[in-house]
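# Fold and contact review
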Amino acid sequence: MKRFFLVLTVLVVGAHPAFAQEPIEMQPASETSRLLFDTLLSLSAGLMAMVVIVGLCAREAGLVRAKNAVASCTKMITLTAICSLAAWVAGYNLIFSVEPGGFLGDFVVWSVPENETDERASAAQFLQVALASAIGMAIVSGAVAERIRFWPFAIFAAAYSALIFPIAASWIWGNGYLAAAWKYSDFAGAALIHGCGGWAALAGAVILGPRLARYDGEEPREQPPSNVGLAAVGGLLIWVSLLALSAGAHLSFSSAADAVAISRILVNSQLAAAGGVFAALVLTEIIYKRVDLPILINGAVGALVAISAGPIEPALWQAVTIGAFSGVIVTVTGPLLDRFRIDDAVGAIPTHLVCALWGALIVPWSNESATYLGQIAGAVVIGAFSLTMGILFWTGLRYTVGLRVTAERELAGLDSRPEASPRPRL
Amino acid sequence: MKRFFLVLTVLVVGAHPAFAQEPIEMQPASETSRLLFDTLLSLSAGLMAMVVIVGLCAREAGLVRAKNAVASCTKMITLTAICSLAAWVAGYNLIFSVEPGGFLGDFVVWSVPENETDERASAAQFLQVALASAIGMAIVSGAVAERIRFWPFAIFAAAYSALIFPIAASWIWGNGYLAAAWKYSDFAGAALIHGCGGWAALAGAVILGPRLARYDGEEPREQPPSNVGLAAVGGLLIWVSLLALSAGAHLSFSSAADAVAISRILVNSQLAAAGGVFAALVLTEIIYKRVDLPILINGAVGALVAISAGPIEPALWQAVTIGAFSGVIVTVTGPLLDRFRIDDAVGAIPTHLVCALWGALIVPWSNESATYLGQIAGAVVIGAFSLTMGILFWTGLRYTVGLRVTAERELAGLDSRPEASPRPRL
Amino acid sequence: MKRFFLVLTVLVVGAHPAFAQEPIEMQPASETSRLLFDTLLSLSAGLMAMVVIVGLCAREAGLVRAKNAVASCTKMITLTAICSLAAWVAGYNLIFSVEPGGFLGDFVVWSVPENETDERASAAQFLQVALASAIGMAIVSGAVAERIRFWPFAIFAAAYSALIFPIAASWIWGNGYLAAAWKYSDFAGAALIHGCGGWAALAGAVILGPRLARYDGEEPREQPPSNVGLAAVGGLLIWVSLLALSAGAHLSFSSAADAVAISRILVNSQLAAAGGVFAALVLTEIIYKRVDLPILINGAVGALVAISAGPIEPALWQAVTIGAFSGVIVTVTGPLLDRFRIDDAVGAIPTHLVCALWGALIVPWSNESATYLGQIAGAVVIGAFSLTMGILFWTGLRYTVGLRVTAERELAGLDSRPEASPRPRL
């Protein structure tokens, strides 16, 4: 009987040209297949989030001076570990135990649920939470590079991933305040992951102060990068993994509509990244009469960050536009920060923070279910919270354990060895 | 009733030893599952095409001299962006709007189809087109490295990805001339992607002329690579991503037969790559009494390019042979080009162009549906077109904007900064 | 009717709190879908095994001295090729033709089975076998780096991948002696892949002797790494690919239970890696008053090796503990080896061999089906065999073709060019 009506529908509707393109109802995937497809998407996204960190490590190691590259990589490996442990000890539960519309979840160690279906979903979420806070801290790492002491950075990473990021995330991902009160729309968590990390990075860069001799002359002094090839490879790795991460943020890959949505995410994100590089290219040529590789890299990354706030709805030309404006942002915001003597060693603040804000604010342009007011509210609330917390923790660390290496150490390079400590025998 | 016959079939047929191995008809996947599996394959292949570019960037950055590494990476990021934008502005539609057997499609901006099923397929194709032309341009980039000016290269990238490659691709992928008239068989587009790029690279290398001082002595002067570790990592990344890309070229992953085909593709490709490295290893030891890492890398890549023209049909020993001969090609073609003073900075022409031709021509050895005549016709048509177009555009650029940096700039390195232009403040 | 009972079951059972969490029986995936999901898992794992080799290449190239980086990468590309060819020529059949409980399979060239279903499974296994032996040889490569001659290494790679590893693997994967007699449990083959490679590495490092001038003073002389940024990127690539490889070792991804198991594998492995880094961090700070990047990298890798022996059963805190102890191992075993003047250029023996043993021995802590006796038996049998074979082959090579470069060559660096051999014209 059902089949009869289906055939009838096809015959009647299919004959009418306006409906001819309507997809015929598809035989759905079985429950188990749907579960497996969804699992595949979320676990693959977890692995791709690790690749983002590989890329961010390569970018920072390549862009800092040769005398500080080891210190940068050490921070990067350490923060990946600390953020994973902190998500287990506190972060995960802070996010998902918050009451609807609430502000603060419970402080307990996450334990795997006994129900198998819940366990699977919970495990995938755990990886995403752990690595989202690691990506945020990797942004901080770039901004404070070449002058910060190791242990204060490690302590901040613990605070960030156990407290700052999870509390902010609980307001959105945990259905807390922002999700309930403002219908704040941020598809892949641009203003959350990159915003929260970016504000903490800004607080750190300001409180830590600029690198020595950076602003001695009229122009900021150049700091020759250690290995631009590595940085470019890192930038391309971030490019491909952020594409995958935005796709993963769709969470579901178990229907024909999901397949379409994820295709759209990838195409829009790719075109946005291309637009970001192109705009940065043209603009640096116009302003500086030359092309600058780190700005191109950040143009691509910034565009991917911006589009990730809403990658499904924009038309192709809108995606290119959103990306292109991100390219403009990374080109002009860097010198602006320099004017305020805010020293960001790898351009992390323009690329991640400013582009995330731009991306979140522009969502309503193509997505009718979002409002400009809601987006501004979300950006302000997350920003105010993470900036305040960043200032608190960085200041606290500054006046207790101290934040900055000695001037001698900074001049010699963070990788230089103090006399007293021989290298452990590996 | 159906089940009854099935049981009967198994009982009767299963008892007969000759039929015992016949696969029993499998319960097929649902329509939605098939769609999702196919989407997964094509979108993953799109992401892996980006990884090919990561690898090609690492290879070029590692093989050029340290004074030119930034320029190489800048080209690489730029061409990825330009090829993506050009595929949107013209390339995609040029390919898929061509009439069956025709020569030229329509010049219109690609817009996403409104029908959701078409949209998904179209989006996946868009990524593949964009990145196939980017891979082609990355081949060009390697051949003309260390002496080309940035903007002429960027203009050529636009011409290549908006015109040259799409028109050639339309004759095969768009069911145009070659597909219709010659039954030309090129599974993963070896002679298209690597051939078209390779001919454009050859035209560029010849018109641009060799690097300064390269052919001053009797032997071509060595140009010490900047970072062979990075080049090797790049080579291995190309290896793994070309494996995946050939698998993705099967387009369909929704039946047991697809699973078998893709398994075969991966095994044959892996053995071909191994054969390529091994042959290059033995041959360089015999001829030069030493082993040469860049030739080994190119042996693997060249073998993967060659086998990608027909990776399903060859028996294992045929795959090894096809790969091994590619290893011979990359070892002997480089010195041959040097004899004609054609200077190819990273060995892109032997690796990509010559191995692609070899791969396309050898398809009929194992694939009965292909003919040697058809393969030669395809290689000649694509080659004549892309070489002609390459000569036209490179010559045009040479006599208008100019192609080559000044001798002082080349000696100082492309990454040296002209006095007048301070580095933008990042 | 079935639906009626289902609804009834939900109503009745769902009302009882103790049963409320029980998963309702799911509609299973179709046969073809199950086949496709399983194929996807095993082929993806094959590709990720190539990424492990990318990471190991980057780690070794980055940790050896600049004058030996090319030689290290050359070994790495070569061993990937040789292990793939050897798995085809002998390795695959040695493993899977062994009789149940037996010691030695047949020496014949592997040919693809004609039955399509078998062909698919066999192809996936072939990739895994080829790359498992390549990972083992990459461990050897690291330990003997900076002083070994190229061709003896290549010959050893052939022996390892055609004989040593497959015979040991046949006792477990081929259902041979260890699987039959001892119920030896090693989920992802930690003590097999990393153990067998590690013992061969130990034999090689001892027979080859330490690098020149390494143990001249009281403390082992430092050998400044060529590019720590590349090594760190390599370490993170190993991290993400070992996560995927452990997931792939589950072999099946076609039911809800599989989805849960793979989620658990990823979470436990990530937490173990984090624990490994953290423990190494704290311990190096306590002992040496500083943090050491190569030890952190090896802490992560060692923990992933250890947990891979049994990644499903441990509770989260057990996974962290297993990982943390691996971090302790990599920190203290290196200096211990130095005391015996066993010189391991990249710390491969502590990271891979000792952590693999630790991981295999601790399996019964969380997995009731394994016994400490069985695990010790497995470790001893594999160890005794691969160490003996390693000693035999290395000694044989030493007294025939010779193992070590000349002292002049070693001091000048393996990448230095002997006068007589000009670089081939690429």
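The following refers to the structure shown. (Residues numbered from 1 in each chain as written. Chains lettered and ligands numbered in written order. Predicted model: local features only at pLDDT ≥ 70, side-chain atom pairs only at ≥ 80, totals over all residues. Heavy atoms only, no water.)

## Some words on the overall build of chain A
When you go through chain A residue by residue, the secondary structure sums to 14 helices and zero strands. Going from the N terminus to the C terminus, chain A shows its helices and strands as α-α-α-α-α-α-α-α-α-α-α-α-α-α. Scaling as 2.2 N^0.38, a compact globule of 426 residues should have a C-alpha radius of gyration of about 22 Å, and chain A matches this with 23 Å. In terms of principal-axis extent, the alpha carbons of chain A reach across some 85 × 55 × 45 Å. Classification of the 426 residues of chain A by burial places 65% in the buried group. If you take every contact in chain A between residues at least 6 apart in sequence, the share linking residues at least 24 apart comes to 79%. Just so you have it, chain A exposes about 14,700 Å², and 65% of that area is on carbon and sulfur atoms. Positive and negative side-chain charges of chain A, numbering 25 and 29 respectively, have mean locations separated by a distance of 8 Å. (Helix = DSSP H or I, 4+ residues; strand = E, 2+ residues; numbered from the N terminus. Rg over C-alpha atoms; globule rule 2.2 N^0.38 Å. Buried < 20%, exposed > 50% of the residue type's maximum accessible area, 1.4 Å probe, protein only. Contact = heavy atoms within 4.5 Å. Areas by Shrake-Rupley, 256 points an atom, 1.4 Å probe, with all protein chains shown as cover. Lys, Arg positive; Asp, Glu negative; His and termini not counted. Charge placed at Lys NZ, Arg CZ, Asp CG, Glu CD.)

## With respect to the interface of chain B and chain C
Chain B puts 64 residues into the contact, and the matching count from chain C is 53 residues. Taking both sides of the interface into account, the surface hidden between chain B and chain C amounts to around 5,500 Å²; carbon and sulfur atoms contribute 74%. The interface formed by chain B and chain C includes one salt bridge. For Arg264(B), the salt bridge identified is with Glu119(C), shortest N-O distance 2.5 Å. Joining chain B to chain C, the criterion identifies three residue pairs in polar contact (both at pLDDT 80 or more). (Buried area = accessible area lost by both parts, 1.4 Å probe. Salt bridge = Lys/Arg side-chain N within 4 Å of Asp/Glu carboxyl O. Polar contact = N/O pair within 3.5 Å; in protein donor to acceptor, adjacent residues only side chain to side chain.)

## Observations regarding the pattern of salt bridges
Using the criterion set out here, one finds 29 salt bridges over all chains in the structure. Linking Asp292(A) and Arg290(A) is a salt bridge whose minimum nitrogen-to-oxygen distance equals 3.6 Å. One salt bridge in this structure joins Asp343(B) and Arg211(B), with 2.8 Å as the shortest N-O distance. Pair noted here: Asp343(B) is in the loop between α11 (316-339) and α12 (348-361) and Arg211(B) is in the loop between α7 (190-208) and α8 (228-248), with a separation of 132 residues, a long-range link. This pair shows no difference in class: Asp343(B) is buried, exactly as Arg211(B) is. A single salt-bridge network, built from bridges that share partners, covers Arg65(A), Glu146(A), Arg211(A), Arg214(A), Asp338(A) and Asp343(A).

## Side note on the relation of the copies chain B and chain C
Between chain B and chain C, the superposition needs a rotation of 120° and an axial shift of 0.0 Å, giving an RMSD of 0.0 Å. Here the symmetry operator amounts to a three-fold rotation axis. The share of interface residues of chain B whose copies in chain C are also at the interface is only 8%, consistent with the copies meeting through different surfaces. (Least-squares fit on C-alpha atoms with pLDDT ≥ 70 in both.)

## What about the interface of chain C and chain A?
Contacts between chain C and chain A engage 65 residues on the former and 53 residues on the latter. Our count for the chain C to chain A interface comes out at one salt bridge. Where chain C meets chain A, there are three residue pairs in polar contact (both at pLDDT 80 or more). Mapped onto the side of chain C that touches chain A, the elements with two or more residues apiece are α3 (31-63), α9 (228-248), α10 (256-288), α11 (293-307) and α12 (316-339) of chain C. Top element by residues in the side of chain C that touches chain A is α10(C). It accounts for 18 residues. Split into classes, the residues belonging to the side of chain C that touches chain A amount to 42 nonpolar, 13 polar and ten charged. (Nonpolar A, V, L, I, M, F, W, Y, C, P; charged D, E, K, R; others polar.)

## Digging into helix α9 (residues 256-288) of chain A
All names here are of chain A. The terminal C-alpha atoms of α9, which comprises 33 residues, lie 48 Å apart, in line with the 48 Å expected from a rise of 1.5 Å per residue. Burial analysis of α9 places 25 of its 33 residues in the buried class, which makes it a mostly covered element. In the stretch just after α9, Lys 289 is the one whose phi turns positive, near 60°. (Expected span 1.5 Å × (residues − 1).)

## Structural notes on α11(C)
Taking 1.5 Å per residue as the helical rise, α11(C) with its 15 residues ought to reach 21 Å, and the 21 Å between its terminal C-alpha atoms agrees with that figure. In terms of residue burial, α11(C) counts as a mostly covered element, since 15 of its 15 residues are buried.

## What about the packing of helix α10 (residues 293-307) of chain A against helix α11 (residues 316-339) of chain A?
Residue and element names in this part refer to chain A. Between α10 and α11, the least distance of the axes is 8 Å, while the angle of their chain directions is 130°. Considering their axes alone, α10 and α11 lie oblique with respect to each other. In terms of crossing hand, the pair formed by α10 and α11 is right-handed. Touching Ile 295, Asn 298, Gly 299, Gly 302, Ala 303, Ala 306 and Ile 307 of α10 are Ala 319, Ile 322, Gly 323, Ser 326, Gly 327, Val 330 and Thr 331, all from α11. (Axes fitted to C-alpha atoms, helices over the stretch in contact; angles between N-to-C directions. Parallel < 35°, antiparallel > 145°, perpendicular 65-115°, else oblique. Left-handed = near helix turned anticlockwise from the far one by under 90°.)

## What about unusual backbone geometry?
Note on backbone geometry: most residues besides glycine have negative phi, and most peptide bonds are trans. Despite not being glycine, Ala213(A) has its phi angle at roughly 70°, a positive value. Summarising the element assignment, Ala213(A) is placed in the loop between α7 (190-208) and α8 (228-248). For Ala213(A), a relative accessible area of 25% corresponds to the partly exposed category. Positive phi, normally seen in glycine, also occurs at Leu251(C), with a value near 70°. Looking at where Leu251(C) falls in the secondary structure, it is placed in the loop between α9 and α10. On the accessibility criterion, Leu251(C) (53% relative accessible area) is exposed.

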